[in-house]
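Commentary on secondary and tertiary structure
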Amino acid sequence: MDRRHFFSGALAGAAATAVSRVALAAVPEAASQSSAATAAPLTPPNGRPYDPVVTLNGWTLPWRMKGGVKEFHLVAEPVVREMAPGFKVNMWGYNGQSPGPTIEVVEGDRVRLFVTNRLPEHTTVHWHGQRLPNGMDGVGGITQPHIPPGKTFVYEFTARRPGTFMYHPHADEMVQMAMGMMGFWVTHPRDRAHPAISRVQRDFCFLLGSFDVEPGSATPKVNTMTDFNTWAFNSRVFPAIDNLCVRQGDRVRIRVGNLTMTNHPIHLHGHEFEVTGTDGGPVPPGARWPEVTTDVAVGQMRQIEFVADEEGDWALHCHKSHHTMGPMGHDVPTMIGVDHAGIGEKIRKLVPDYMVMGERGMAEMGSMEMPLPDNTLPMMTGQGPFGPAEMGGMFTLLKVRRGQGPNDYRDPGWFRHPGGTVAREAAGAPPPAQRAPDAAGNQAAPAASVRKPGGHSPHQHH
């Protein structure tokens, strides 16, 4: 099997025809979604009531009730994910997207999950963090046979505890997870007055993702272990990640899962939050403390909550600075302080599109327009009301507005700052620098010169 067929899934389509019509008659229809927009929360049409979540740049998988059991249908298949306008990546996912759709159930629900494999190789699904029978745990070769291409397997168990979980393959993980196979799972509490789970007005969720996509290409390099160049919230990169739009005074919950190869310190501006849950369950109220950053390690879920009481456009991002940038070569030399005078013009005679970069830092990349290969993500993008945002990757905004409707998730546009509340250029000359007093309490005079190593003033001559 060559690489082109392996990643396109061309063989999987042929294999899928081997599933008999009789066998599929009992399987619920598989919903599919290709839009990268954030879908409205799915109000439960039947079953136990719950307060639904909003999946950032994603959607919730519908179900059918059959004999008191919630039945879902997941389809593992090749997909094309638009990570940003003009930047499309060949991935593997579920039901038309990567990540796959969020699955929402209620504590105590009996669930039946049909999984159809339309990939060109076998797969399984592991229900990360769930308490379930061992044979439903989804570890290929250990707890179950692998799901061959073209076959449909069924998983069935009871959602025994509320919390924030994931699903992903436990088969050829290096390839399948690097290609984007993952999804979110939320089990809501049976009792809406749960002592450790508050009711909130806004409940968002997303998965962290990392990919290695070379400029001009469209398929991730699945053998990459650490040197990724594309970092994403739900397989979208800033500025194509939707904002989290809330009403001032809302209690907000954000659920974050990490299936990348490294940890991500997720940082929120303008507010303090508490970590109220993990994939191990809700954190008892007495064990919580205020934070503005929480580290989400590999394979972990973190659930944070806060009251959105400060109006404005507040950044929400990974605090590893290179994770808020787009693709960039790891071997680019640091050129800060190197005088390029005259060099650029000489090189342009041989390479017409050559541009001098980095002698004064990389901020110029935010406003620079330069030719790029097709299907290539710029390194630093996004425009704000005051100029280039110089961001990319794992970065978005929490938009808090006094007038945002209770169920309105539309973007209200840029925040209009009240007069006198924006940082501005200072008028006049800056005040003189003050020196710390010496041991006797006297104000030290500014030094007349700076001595070089060796004890010589720069004004001394030999």
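It should be emphasised that the depicted structure is a prediction, and the values quoted were computed from it without experimental measurement. (Residues numbered from 1 in each chain as written. Predicted model: local features only at pLDDT ≥ 70, side-chain atom pairs only at ≥ 80, totals over all residues. Heavy atoms only, no water.)

**What about the pattern of salt bridges?**
The condition that has to hold: Salt-bridge detection follows one rule: a side-chain nitrogen of Lys or Arg within 4 Å of a carboxyl oxygen of Asp or Glu. Helix and strand assignments come from DSSP, with helices taken as H or I runs of at least 4 residues and strands as E runs of at least 2, each series counted from the N terminus. When a residue's accessible area, from a 1.4 Å probe over protein chains only, is under 20% of the maximum for its type it is buried; when over 50% it is exposed; and in between it is partly exposed.
According to the stated counting rule, one finds 23 salt bridges in the structure shown. Between Arg402 and Glu311 there is a salt bridge, with its nearest N and O atoms 3.0 Å apart. Of this pair, Arg402 sits in the segment after β24 (395-401) while Glu311 is found in the loop between β20 (301-307) and β21 (312-318), placing the two residues 91 residues apart along the sequence. Arg402 gets classed as exposed once you look at its relative accessible area, which sits at 60%. The shortest N-O distance in the salt bridge between Asp313 and Arg401 comes to 2.7 Å. Placement of the pair is Asp313 in strand β21 and Arg401 in strand β24, with a sequence separation of 88 residues. Each of the salt bridges in this network shares a partner with another, and the network as a whole consists of Arg64, Glu71, Arg110, Arg112 and Glu156.

**Side note on the side chain of Thr123**
Going by this rule: Throughout this description, a polar contact denotes any pair of N or O atoms lying within 3.5 Å of each other; where both atoms belong to protein, one of them has to be capable of donating a hydrogen while the other can accept it, and for residues adjacent in sequence the pair is counted only when both atoms sit in side chains. We call two residues in contact when some of their heavy atoms are within 4.5 Å.
In this fold, Thr123 is placed in the loop between β6 (110-117) and β7 (126-128). At a separation of 2.8 Å, a polar atom in the side chain of Thr123 contacts the side chain of Gln176. Filtering out sequence-adjacent residues up to four positions away, Thr123 remains in contact with Ala76, Asn117, His146, Ile147, Pro169, Ala171, Gln176 and Met181.

**Here's the deal with the sheet that holds strand β19 (residues 293-296)**
Worth spelling out the cut-off: At least two bridges found by DSSP between two strands are what make those strands a pair. Where helices are involved, their axes are fitted lines through C-alpha atoms of the stretch in contact, as for all axes, and angles between N-to-C directions lie from 0 to 180°.
Pairing is mixed across the open sheet formed by five strands, whose spatial order is β13-β24-β21-β15-β19. Of all strands in the sheet, those bounded by a partner on one side alone are β13 (244-247) and β19. Taken over all neighbouring pairs, the strand axes of this sheet differ in orientation by 20° on average, direction set aside. Where β13 meets β24, four bridges bridge the pair, whose relative direction is parallel.

**Section: the packing of aromatic side chains**
For the record, the criterion: Ring geometry is summarised as follows: Phe, Tyr and Trp rings, the Trp one being its six-membered ring, pair when their centres sit within 6.5 Å, and such pairs are stacked at plane angles under 30 degrees, edge-to-face over 60 and tilted between the two. The rule is short: NZ of Lys or CZ of Arg within 6 Å of the ring centre and within 35 degrees of the ring normal puts a charge over the ring.
Within the structure shown, the criterion is met by twelve aromatic pairs. Measuring from ring centre to ring centre gives 6.2 Å for Trp127 and Phe157, while their planes differ by 50°; the resulting arrangement is tilted. Here Trp127, found in strand β7, pairs with Phe157, found in strand β8 (residues 152-158); they are 30 residues apart in sequence, far enough to count as distant. An identical accessibility class is assigned to Trp127 and Phe157; each is buried. Here the aromatic residues Tyr94, Trp127, Tyr155, Phe157, Tyr167 and Trp185 are joined through ring pairs into a cluster of three or more. One Lys or Arg, Lys70, reaches over the ring of Trp63 and ends 4.3 Å from the middle of that ring. The ring of Tyr409 has Arg202 sitting right over it, with the charged end atom 4.8 Å from the ring centre.

Remember, this is a structural readout, not a statement about activity or role.
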